[in-house]
Amino acid sequence: MGFWEFIVIAVVGTIVLGPDKLPSAIRRFTKMKQQFSQMVQGVSAEVNEQLRVHELHENLKKAEQLGMENLSPDLQESVDELTNAAKSVQKTLSESPVDTTKNDK
């Protein structure tokens, strides 16, 4: 934003809101802008994670088609990552107590 654009916005803001309400309006605007930026970053991180999961899934399909033998380093890395994730989930499930009793009332 250029200097003159800032001046025009400040003058219009002062006329429309008045000098008393302008500072609080600027604070609200900057807070909303920060919240919006955080939301965009969160969405971006989620999209990147979903793309990564999709890539791992595609690499697993390729590895299965090759019979899990003679894999390229990228495919082997994806298979290893998925194997470690599966082991981690199995370990967590085996360590957590499962409550099979039901409370009938």
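Presented here is a report on the structure given in the accompanying data block. (Residues numbered from 1 in each chain as written. Predicted model: local features only at pLDDT ≥ 70, side-chain atom pairs only at ≥ 80, totals over all residues. Heavy atoms only, no water.)

### Section: a negative patch on the surface
Argument step 1. Judged by side-chain charge, Glu55, Asp74, Glu77 and Asp80 come together as a negatively charged surface patch.
Argument step 2. No other element matches helix α2 (residues 73–95), which puts three residues into the negative patch. (Patch = residues over 30% accessible without salt bridge, like charges linked within 9 Å, V, L, I, M, F, W, Y side chains within 5 Å. Areas by Shrake-Rupley, 256 points an atom, 1.4 Å probe, with all protein chains shown as cover. Salt bridge = Lys/Arg side-chain N within 4 Å of Asp/Glu carboxyl O. Lys, Arg positive; Asp, Glu negative; His and termini not counted. Charge placed at Lys NZ, Arg CZ, Asp CG, Glu CD. Helix = DSSP H or I, 4+ residues; strand = E, 2+ residues; numbered from the N terminus.)

### Observations regarding a nonpolar patch on the surface
Argument step 1. Side chains of Met1, Phe3, Trp4, Phe6, Ile7, Val8, Ile9, Val11, Val12, Ile15, Val16 and Leu17 sit close together on the surface and give an oily, nonpolar patch of about 1,300 Å² of accessible area.
Argument step 2. Here isoleucine 7 is to be found in helix α1 (residues 3–65).
Argument step 3. Given the relative accessible area of 31%, isoleucine 7 is considered partly exposed. (Buried < 20%, exposed > 50% of the residue type's maximum accessible area, 1.4 Å probe, protein only.)

### Points about the pattern of salt bridges
Side-chain pairs of opposite charge can arise whenever the charged atoms involved come near each other.
Argument step 1. On inspection of all chains with the given rule, the structure shows two salt bridges.
Argument step 2. Salt-bridge contacts for glutamate 49 lead to arginine 52; the nearest nitrogen and oxygen are separated by 3.3 Å. Placement of both glutamate 49 and arginine 52 in helix α1 is noted, with a separation of three residues, approximately one turn of the helix.
Argument step 3. Take glutamate 49: its relative accessible area is 38%, and that puts it in the partly exposed class.

### Focus on the packing of α1 against α2
Argument step 1. Close contact between α1 and α2 brings their axes to 9 Å; oriented N to C, the two are set at 110 degrees. In terms of axis orientation, α1 runs roughly perpendicular to α2. Contacts from Arg52, Leu56, Asn59, Leu60, Lys62 and Ala63 of α1 reach α2 at Asp74, Leu75, Ser78, Val79, Glu81 and Leu82.
Argument step 2. For the contact of α1 with α2, the per-class residue count stands at six nonpolar, two polar and four charged. (Axes fitted to C-alpha atoms, helices over the stretch in contact; angles between N-to-C directions. Parallel < 35°, antiparallel > 145°, perpendicular 65-115°, else oblique. Contact = heavy atoms within 4.5 Å. Nonpolar A, V, L, I, M, F, W, Y, C, P; charged D, E, K, R; others polar.)

### Quick notes on the side chain of asparagine 59
Argument step 1. Mapped onto the fold, asparagine 59 is located in helix α1.
Argument step 2. Since its relative accessible area comes to 9%, asparagine 59 is described here as buried.
Argument step 3. Among the polar contacts made by the side chain of asparagine 59, one reaches the side chain of serine 78 at a distance of 2.8 Å. (Polar contact = N/O pair within 3.5 Å; in protein donor to acceptor, adjacent residues only side chain to side chain.)

### Here's the deal with the packing of aromatic side chains
For any pair of aromatic rings, the description rests on two quantities: the centre-to-centre distance and the angle between the ring planes.
Argument step 1. Summed over all chains, the structure comprises one aromatic pair.
Argument step 2. Their ring planes at 75 degrees and their centres at 5.2 Å tell us that phenylalanine 3 and tryptophan 4 sit as a pair that is edge-to-face.
Argument step 3. Residue tryptophan 4 is classed as exposed on the basis of its relative accessible area, which comes to 65%. (Phe/Tyr/Trp six-rings, centres within 6.5 Å; stacked < 30°, edge-to-face > 60°.)

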